[in-house]
Amino acid sequence: MVTVSDTQVTWLTQEAYNRLKHELDELIENRPVIAQKINTSREEGDLKENGGYHAAREEQGQQEARIRHLQELLRGAKVGEAPSNDGVAEPGMVLTVRYEGDDDEEQFLLATREEGSEGELEVYSPESPLGRALLGAKEGETREYALPNGKTQKVTLTKAVPYSG
């Protein structure tokens, strides 16, 4: 679904780009509906005690924020192919890891929340402490990252395969 992400460019597959573009188009088409709700609620009288009016205004604010976010994301997006299956941790890869002191493995998608929002997998950002620690790691490699409590955690990358959403 996603190939490479950094702070300026988001790489998306055609499917992910189309899904986000469709959501943006629907939100823009829905603008008059929200405006009508606000106008209808406004005509009901006293705005201080008008729950419908305030709810419609809140909905409009959230919708406009989502529109701006999607427009920004899609404006900087590059549509491309999934990462190569070379066993190296990079955005767009499903990573299987084992934490030091734990026999269980954990599997997650290394991507932004937008890029991985449709899947069943947990999504970790490449900007997260765990994501940053694993970026560029090869299968079998152990890395360390800082935990919120100030301690460090060792994690071993056991497998890295391209995400196929």
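Each remark here, short or long, concerns the structure printed above.
A.B. asks: Give a detailed account of the packing of helix α2 (residues 31-42) against helix α3 (residues 51-75), specifying residues and quantitative values.
C.D. replies: Between α2 and α3, the least distance of the axes is 8 Å, while the angle of their chain directions is 160 degrees. Here α2 is positioned roughly antiparallel relative to α3, judged by the angle of their axes. Relative to α3, α2 is oriented so that their crossing is left-handed. Note on element contacts: α3 touches α2 through G52, Y53, A56, R57, E59, Q60, Q63, E64 and I67, opposite R31, I34, K37, I38, S41 and R42. Classifying every residue of the contact of α2 with α3 by side-chain character gives five nonpolar, four polar and six charged.

A.B. asks: Run through the packing of helix α1 (residues 14-29) against α3, naming residues and quoting values.
C.D. replies: At a minimum axis separation of 10 Å, α1 and α3 run at an interaxial angle of 145 degrees. Like other packed secondary-structure pairs, α1 and α3 cross with a definite hand, here left-handed. On α3, the residues that touch Y17, L20, K21, E23, L24, L27 and I28 of α1 are Q63, R66, I67, L70, Q71, L73 and L74. Taken together, the residues that form the contact of α1 with α3 break down as nine nonpolar, two polar and three charged.

A.B. asks: So, the pairing of strand β7 (residues 142-146): which residues are in play, and what are the values?
C.D. replies: With five bridges connecting them, β7 and strand β8 (residues 152-162) associate as antiparallel partners. Bridging from a neighbouring strand, A146 pairs with T152 of β8. Taking the residues between adjacent antiparallel strands as the criterion, β7 and β8 are bridged by five residues, where G150 takes a positive phi near 95 degrees.

A.B. asks: Pulling in residues and values, what's your account of the sheet that holds β7?
C.D. replies: Across a sheet, paired strands are connected by hydrogen bonds in the backbone, their directions being either parallel or antiparallel. Strand order in the open sheet made by the five strands is β6-β5-β4-β8-β7, with mixed pairing throughout. Each edge of the open sheet carries a strand with a single partner, namely β6 (122-124) and β7. Put simply, the sheet's adjacent strands are angled 45 degrees from each other on average, direction ignored.

A.B. asks: How would you summarise α1 if you had to cite specific residues and measurements?
C.D. replies: Taking 1.5 Å per residue as the helical rise, α1 with its 16 residues ought to reach 22 Å, and the 22 Å between its terminal C-alpha atoms agrees with that figure. Within α1, the full set of buried residues consists of A16, R19, L20, L24 and L27. Here the buried residues of α1 occupy an arc of 135 degrees about the axis, which is enough to place them on one side.

A.B. asks: Which residues make up the nonpolar core, and what are the values?
C.D. replies: Of all hydrophobic cores here, the largest spans 15 residues; its most connected members are L95, V97, L130, L134, V155 and L157. The set of elements that each furnish at least two residues to this core consists of β4 (93-99), β5 (105-110), α4 (129-134) and β8. By residue number, the principal contributor to this core is β4, which donates four residues. Setting aside its immediate chain neighbours within four residues, L95 contacts A89, E106, Q107, F108, L110, L134, L157, K159 and A160. Residues A16, L20, L27 and L74 belong to the second largest nonpolar core, which totals ten residues.

A.B. asks: Which residues make up the environment of G140, and what values do they have?
C.D. replies: Mapped onto the fold, G140 is located in the loop between α4 and β7. Sequence separation of G140 and V97 is 43 residues, and the distance between their C-alpha atoms is 9.3 Å. Other than its neighbours up to four places away in sequence, G140 contacts T156 and L157.

A.B. asks: Which residues make up the packing of aromatic side chains, and what values do they have?
C.D. replies: Enumeration over the complete set of coordinates arrives at one aromatic pair. Consider the rings of F108 and Y124, whose centres lie 4.5 Å apart with planes at 70 degrees: the pair is edge-to-face. One end of the pair, F108, is in strand β5; the other, Y124, is in strand β6, and 16 residues separate them in sequence. Judged by its relative accessible area of 0%, F108 is buried. Owing to a relative accessible area of 25%, Y124 belongs among the partly exposed residues under this scheme.

Thresholds, definitions, all that
- Residues numbered from 1 in each chain as written.
- Predicted model: local features only at pLDDT ≥ 70, side-chain atom pairs only at ≥ 80, totals over all residues.
- Heavy atoms only, no water.
- Axes fitted to C-alpha atoms, helices over the stretch in contact; angles between N-to-C directions.
- Helix = DSSP H or I, 4+ residues; strand = E, 2+ residues; numbered from the N terminus.
- Parallel < 35°, antiparallel > 145°, perpendicular 65-115°, else oblique.
- Left-handed = near helix turned anticlockwise from the far one by under 90°.
- Contact = heavy atoms within 4.5 Å.
- Nonpolar A, V, L, I, M, F, W, Y, C, P; charged D, E, K, R; others polar.
- Pairing = 2+ DSSP bridges.
- Expected span 1.5 Å × (residues − 1).
- Buried < 20%, exposed > 50% of the residue type's maximum accessible area, 1.4 Å probe, protein only.
- Arc of directions from axis to C-beta.
- Core = buried A, V, L, I, M, F, W, Y, C linked by side-chain atoms within 4.5 Å.
- Phe/Tyr/Trp six-rings, centres within 6.5 Å; stacked < 30°, edge-to-face > 60°.

These figures come from the coordinates and say nothing about function on their own.
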